[in-house]
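In case you want the letters, here they are:
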Amino acid sequence: MRMGGKWVQRKYNSVFPILGTLSYFCEKRVWLRIIAKKILRSFWEKHPDCEQQLTAWYRETGKSEWNNPGDIKSEYPCASILPGNRVVFNIKGNNYRLIIKINYDYQMVWIRFIGTHSEYDKINAETV
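Residues numbered from 1 in each chain as written. Predicted model: local features only at pLDDT ≥ 70, side-chain atom pairs only at ≥ 80, totals over all residues. Heavy atoms only, no water.

A closer look at the nonpolar core
General note: in soluble globular proteins, nonpolar side chains tend to be found buried as a group. Selection rule: To define a nonpolar core, start from buried Ala, Val, Leu, Ile, Met, Phe, Trp, Tyr and Cys residues and group those joined through side-chain atoms within 4.5 Å. Per-residue accessibility, obtained with a 1.4 Å probe over protein chains only, is compared with the maximum for each type, and a residue is labelled buried under 20%, exposed over 50%, and partly exposed between these values. Helix and strand assignments follow DSSP, with helices taken as H or I runs no shorter than four residues and strands as E runs no shorter than two, numbered in order from the N terminus. Residue contacts are defined here by distance: any two heavy atoms, one from each residue, within 4.5 Å place the two residues in contact.
By size, the foremost hydrophobic cluster in this structure holds 23 residues, and its most contacted members are Leu-54, Trp-57, Trp-66, Ile-72, Phe-89, Leu-98 and Ile-100. Residue assignment for this core shows that the elements contributing at least two residues are α3 (37-46), α4 (51-62), β5 (86-91), β6 (96-103) and β7 (108-116). Take this core: its biggest share by element is four residues, from β6. In this structure Trp-57 touches Ile-34, Leu-40, Tyr-76, Phe-89, Leu-98, Ile-100 and Val-109, once residues within four positions along its chain are discounted. Leu-82, Val-88, Tyr-120 and Ala-125 belong to the second largest nonpolar core, which has six residues in total.

Right, dumping it as structure tokens:
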């Protein structure tokens, strides 16, 4: 918004420098919200050999900003992109499979399935 030929934000930044700092921190920085970590935790309690990999995936994904499948493939080249905004991740050298559903607009991830490779073979990844 302009007032008297100057932008209002500049006016406030010079009078109230803290507002300029706050506006910097209030810029759009949306991280992915993952629902629900409890599913991962209960799985690694049964399969403790994958706890480190699932924890790392959770942390990395939570700090990501994925706007399309290409963003996912750039971070995880071995991930499989499925119809319906679903993605399959190989965990611990392809011993386990993790299926998520993502809403790119709202930056939300739902864990749809986590299981062993043989359990994955028994389901339909596009509908689970």
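Focus: the pairing of β6
This is how the line gets drawn: Pairing between strands is defined by DSSP: at least two bridges between them are needed.
Burial runs high along β6: six of the eight residues are buried. Linking β5 to β6, which pair antiparallel, is a turn of four residues; within it Lys-92 sits at a positive phi near 55 degrees. In this structure, β6 lies alongside β7, joined through eight bridges in antiparallel fashion. Bridge pairing in β7 links Arg-97 to Gly-115. Following β6, the chain reverses through four residues before pairing antiparallel with β7; Gln-107 in that reversal takes a positive phi of roughly 55 degrees.

Quick notes on unusual backbone geometry
A negative phi angle characterises most non-glycine residues, just as the trans form characterises most peptide bonds. In the segment running from Ile-35 into Ala-36, the intervening peptide bond is cis, with an omega of 5 degrees. A positive phi angle, close to 55 degrees, is found at Asn-85, a residue other than glycine. On the secondary structure map, Asn-85 appears in the loop between β4 (80-82) and β5. Classification of Asn-85 as partly exposed rests on a relative accessible area of 38%. If you check the backbone angles, Lys-92 has positive phi at about 55 degrees while not being a glycine.

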